[in-house]
2 protein chains.
Amino acid sequence: MDGKDASPRGSTAQRIEAELLEDIAAGQIEAGARLDETKLAARFGVSRTPVREALSRLAAQGVLESGDRRGMRVAQYTREELAQMFEAMHEIEALCARLAAQRLTLLARSEIEAAQAECTRTARDGDLPGYLRANEAFHLSLYRATENPYIFDIASDFRRRTGPFRAKKFAATGDLIASAQSHEELLAKIFSADSNIAAEGMREHMTASFMRVLAAN
Amino acid sequence: MDGKDASPRGSTAQRIEAELLEDIAAGQIEAGARLDETKLAARFGVSRTPVREALSRLAAQGVLESGDRRGMRVAQYTREELAQMFEAMHEIEALCARLAAQRLTLLARSEIEAAQAECTRTARDGDLPGYLRANEAFHLSLYRATENPYIFDIASDFRRRTGPFRAKKFAATGDLIASAQSHEELLAKIFSADSNIAAEGMREHMTASFMRVLAAN
DNA sequence: GACGCATGTTTTGTATACAAAATCAATTGA
DNA sequence: TCAATTGATTTTGTATACAAAACATGCGTC
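Residues numbered from 1 in each chain as written. Chains lettered and ligands numbered in written order. Predicted model: local features only at pLDDT ≥ 70, side-chain atom pairs only at ≥ 80, totals over all residues. Heavy atoms only, no water.

1. Points about the nonpolar core
- Leu142 and Phe158 of chain A together with Leu142 and Phe158 of chain B are the most contacted members of the largest nonpolar core, which totals 90 residues.
- With near-sequence residues (within four places) excluded, phenylalanine 158 of chain A lies in contact with Met85, Ala88, Met89 and Ile92 of chain A together with Tyr150 and Ile154 of chain B. (Core = buried A, V, L, I, M, F, W, Y, C linked by side-chain atoms within 4.5 Å. Buried < 20%, exposed > 50% of the residue type's maximum accessible area, 1.4 Å probe, protein only. Contact = heavy atoms within 4.5 Å.)

2. Things to note about helix α8 (residues 173–190) of chain B
Residues and elements named next belong to chain B.
- The end-to-end C-alpha separation of α8 is 26 Å, in line with the 26 Å expected for 18 residues at 1.5 Å each.
- Among all positions of α8, only Leu176, Ser179, Ala180, Ser182, His183, Leu186, Leu187 and Ile190 are buried. Each buried residue of α8 sits inside an arc of 160° when the element is viewed along its axis, so together they form one side.
- The secondary structure elements touched by the buried residues of α8 are α4 (79–103), α5 (106–124), α6 (128–144) and α9 (195–216). (Helix = DSSP H or I, 4+ residues; strand = E, 2+ residues; numbered from the N terminus. Expected span 1.5 Å × (residues − 1). Arc of directions from axis to C-beta.)

3. Quick notes on α9 of chain B
All names here are of chain B.
- Here α9 spans 31 Å end to end across 22 residues, near enough to the 32 Å set by a 1.5 Å rise per residue.
- Every buried residue of α9 is listed here: Ser195, Ala198, Ala199, Gly201, Met202, His205, Met206, Ser209, Phe210, Val213 and Leu214.
- Close packing links the buried residues of α9 with α4, α6, α7 (149–166) and α8.
- The N-cap residue of α9 is aspartate 194: its side-chain oxygen and the backbone nitrogen of asparagine 196 are 3.0 Å apart. (Polar contact = N/O pair within 3.5 Å; in protein donor to acceptor, adjacent residues only side chain to side chain.)

4. Thoughts on the sheet that holds strand β3 (residues 72–74) of chain A
All names here are of chain A.
- If you walk across this open sheet you meet the three strands as β1-β3-β2, and the pairing is antiparallel. In this open sheet, the two edge strands, each paired with only one partner strand, are β1 (34–35) and β2 (64–66).
- In this structure, β2 lies alongside β3, joined through three bridges in antiparallel fashion. Across the sheet, residue leucine 64 finds its bridge partner in β3, namely valine 74. (Pairing = 2+ DSSP bridges.)

5. A short note on the packing of aromatic side chains
- Counted according to the given criterion, the structure contains six aromatic pairs over all chains.
- Consider the rings of tyrosine 143 of chain A and phenylalanine 152 of chain A, whose centres lie 6.3 Å apart with planes at 80°: the pair is edge-to-face. The burial state of tyrosine 143 of chain A is the same as that of phenylalanine 152 of chain A; both residues are buried.
- Taking the centre distance of 6.0 Å and the plane angle of 75° together, the rings of tyrosine 150 of chain A and tyrosine 77 of chain B count as edge-to-face. With tyrosine 150 of chain A in helix α7 (residues 149–166) and tyrosine 77 of chain B in the loop between β3 (72–74) and α4, the pair connects residues from two separate chains. Comparing tyrosine 150 of chain A with tyrosine 77 of chain B shows no difference in burial state: the two are buried.
- Over the face of the ring belonging to phenylalanine 191 of chain A we find arginine 109 of chain A, whose NZ or CZ atom lies 3.9 Å from the ring centre. (Phe/Tyr/Trp six-rings, centres within 6.5 Å; stacked < 30°, edge-to-face > 60°. Lys NZ or Arg CZ within 6 Å of the ring centre and 35° of its normal.)

6. Quick notes on the protein's contact with DNA strand D
- Lining the immediate surroundings of DNA strand D are 20 residues, of which Arg48 and Arg52 of chain A together with Thr12, Ser47 and Thr49 of chain B lie closest.
- Of everything in DNA strand D that lies within 4 Å of the protein, sugar and phosphate atoms constitute 66%.
- At 2.2 Å from a phosphate oxygen of DNA strand D is found a side-chain nitrogen or oxygen belonging to serine 47 of chain B.
- At the level of elements, β1, α2 (37–44) and α3 (48–60) of chain A together with α1 (12–25) and α3 (48–60) of chain B are the ones that each hand at least two residues to the surface near DNA strand D.
- Of the residues belonging to the surface near DNA strand D, the class tally is four nonpolar, six polar and ten charged. (Near = heavy atom within 4 Å. Nonpolar A, V, L, I, M, F, W, Y, C, P; charged D, E, K, R; others polar.)

7. Overview of the interface of chain A and chain B
- Counting residues at the interface gives 33 residues for chain A and 33 residues for chain B.
- Interface area lost by chain A to chain B is led by Ala60, Gln84 and Tyr150 of chain A, which between them contribute 22%.
- Summed over the shared surface of chain A and chain B, the result is six salt bridges.
- Here chain A is connected to chain B by 14 residue pairs in polar contact (both at pLDDT 80 or more).
- Mapped onto the side of chain A that touches chain B, the elements with two or more residues apiece are α3, α4 (79–103) and α7 of chain A.
- When residues of the side of chain A that touches chain B are assigned to their parent elements, the largest contribution, ten residues, is made by α4 of chain A.
- Taken together, the residues that form the side of chain A that touches chain B break down as twelve nonpolar, six polar and 15 charged. (Buried area = accessible area lost by both parts, 1.4 Å probe. Salt bridge = Lys/Arg side-chain N within 4 Å of Asp/Glu carboxyl O.)

8. What about unusual backbone geometry?
All names here are of chain A.
- Residues other than glycine seldom take positive phi values, yet glutamate 147 does so here, at roughly 60°.
- You can see glutamate 147 is positioned in the loop between α6 (128–144) and α7.
- Among the residues examined, glutamate 147 registers a relative accessible area of 44% and is labelled partly exposed.

9. Re the UniProt feature "domain: HTH gntR-type" (unreviewed entry) in chain A
- In the numbering adopted here, UniProt assigns the feature "domain: HTH gntR-type" (unreviewed entry) to residues 10–77 of chain A.
- Counting secondary structure, residues 10–77 of chain A comes out at 51% helix and 12% strand; the distance between its end C-alpha atoms is 33 Å. (UniProt positions renumbered as here; feature names shortened; annotations may be inferred.)

10. Observations concerning the sheet that holds β3 of chain B
- Strand order in the open sheet formed by three strands is β1-β3-β2 (chain B), with antiparallel pairing between adjacent strands. Of all strands in the sheet, those bounded by a partner on one side alone are β1 (34–35) and β2 (64–66) of chain B.

In C-alpha cells form, the structure reads like this:
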C-alpha cells in the first residue's frame with residue numbers, strides 16, 4: 001500500500017520515477033514544463049532507457065502527458081479541468097473521512113495525531129519543505145485509516161497529480177499555520193465518530209484548500 | 001477522456017498496451033499469469049523495447065504487478081483484497097450513479113439507452129464477446145454522464161483492473177440475460193433523477209455483481 | 001526418495017546505435 | 001519588417017547487444 005510502485009526500490013527506473021514525482025509535487029518542475037529525456041539522463045548519470053521507463057510510468061499515472069513524438073510534459077489543466085479534478089478529489093477525500101470515522105483504530109488515531117503534531121511544529125518554524133512532507137504524511141495517514149488500500153491508492157494518486165498546484169498555496173508562514181489549524185478542525189470532526197460530520201468537514205477543508213489553489217494558479 | 005492513453009495510437013507500445021489490456025479484461029490472460037517479454041516480442045513481431053514499455057505502463061496502472069527482476073504478472077488478489085477492491089469500486093460507481101442522476105443530459109441518456117439496447121440484443125443472441133463489449137460501453141456511458149473526466153478515469157481504471165474476475169461471471173447465456181435485466185432496474189433508478197435512489201440502486205447492482213464474481217473465482 | 005549444490009539456460013535491466021520525426025534558426029522574398 | 005521555406009540540429013521511438021540476476025535441471029549424497 002504505502003509507497004506502492006513509486007517508492008525507491010531496486011531498479012534505477014523506479015528511483016528516477018520517485019525523484020521526479022517529488023520534484024513535481026514540490027513545484028520544482030511546474031505544470032506544463034517539458035521533460036527532456038536526454039537532459040534527464042545526463043542529470044541522473046544514466047542512459048535514456050531507465051529515464052524513458054520512469055517517464056512512461058508517470059504518464060500512465062496521469063502525472064505527465066505524452067505528446068506523440070513530442071516528448072513529455074507535466075500535466076497541465078484549464079481552470080475547468082482543475083475544478084473537475086478537485087471535485088473528484090473532494091468526493092474521494094470525503095469518502096476517506098467517512099470511512100476513517102467509521103473504522104478508526106487506536107493505532108490509526110495515534111499516527112494521525114503524530115503527523116499533525118509534525119505539521120504544527122514545521123508550520124511554526126516556517127519550514128516549508130518540512131511542512132510539505134508533514135502535510136503529506138498527515139493526509140496519507142487519513143487515507144490509511146480507511147483500511148482499504150485501493151481507496152488509499154486513489155486518494156494518494158490524486159495528491160500526486162495535484163501536487164504542483166497545491167504547492168503554490170504556501171507562499172508565507174501564515175499559510176502554513178492556517179493550513180495546520182484547518183487540520184485541527186477537520187480532525188475534531190473525524191474523531192467525533194460521526195461519519196457524515198467527518199465527510200462534510202473534509203469537503204469544507206477541501207473547498208477552502210481549493211479556493212487557495214485557484215488563487216495561487 | 002475516452003480511450004485515454006491506452007487507446008491504439010501512434011506508437012507501437014501503445015498498441016501493444018491496449019491489446020494486452022483487452023486480453024486481460026476478457027480473461028484470455030488470467031490473474032496471476034506471468035508475462036514473458038521475449039515471448040510477447042515474438043507474438044507482436046517487434047523488439048522487446050515497446051513490449052517493455054507497454055508492460056511498464058500497465059504495471060503503473062495496477063493491472064500488472066512487477067516482481068523486481070522477476071518479470072510481470074497479472075495482478076492477483078486474495079478474497080480479502082478482492083472484497084476491498086470491489087468495495088472501492090462500489091463507492092466509485094455509487095458516486096457515478098449519484099452524479100449521473102443529477103446531471104443527466106438528453107444526449108447522455110440516449111447514449112446509455114443505445115448501449116443498453118445493444119446489451120439486450122447480444123445477451124439474447126448468446127454472443128459473449130459482443131456482450132462484453134456492449135456491457136463495457138454501457139458502463140462507460142454511465143461514467144461519462146457524470147460530466148467529470150477524472151471520475152470517469154477512476155471508474156474505468158477499476159473496470160480494467162477487475163476485468164479478469166468479472167469475465168468469469170458470464171458462464172451461460174442465462175448470465176448475460178440476467179445481467180442485462182439488472183441494467184434495466186438500475187437505469188430505472190438513475191432516470192428517476194433522485195440521486196440517492198440512483199446511488200443505492202448502483203450499490204445493489206454492484207453487490208449482486210460482486211457475489212457472482214466471488215462465486216466464479 | 002528427498003534435499004542441496006552446481007551448472008547451464010533464460011529472462012530482465014540498462015547501454016548504445018540508428019532512423020525518423022520534430023523543432024529551431026537563418027535566409028530570402030514580398 | 002514580416003512571413004515562409006529550407007536546412008541543420010536535436011529529440012524521440014525502436015532495435016540490438018551485453019551483463020547480471022533468476023530459474024530450472026541434473027547429479028550426488030544422505
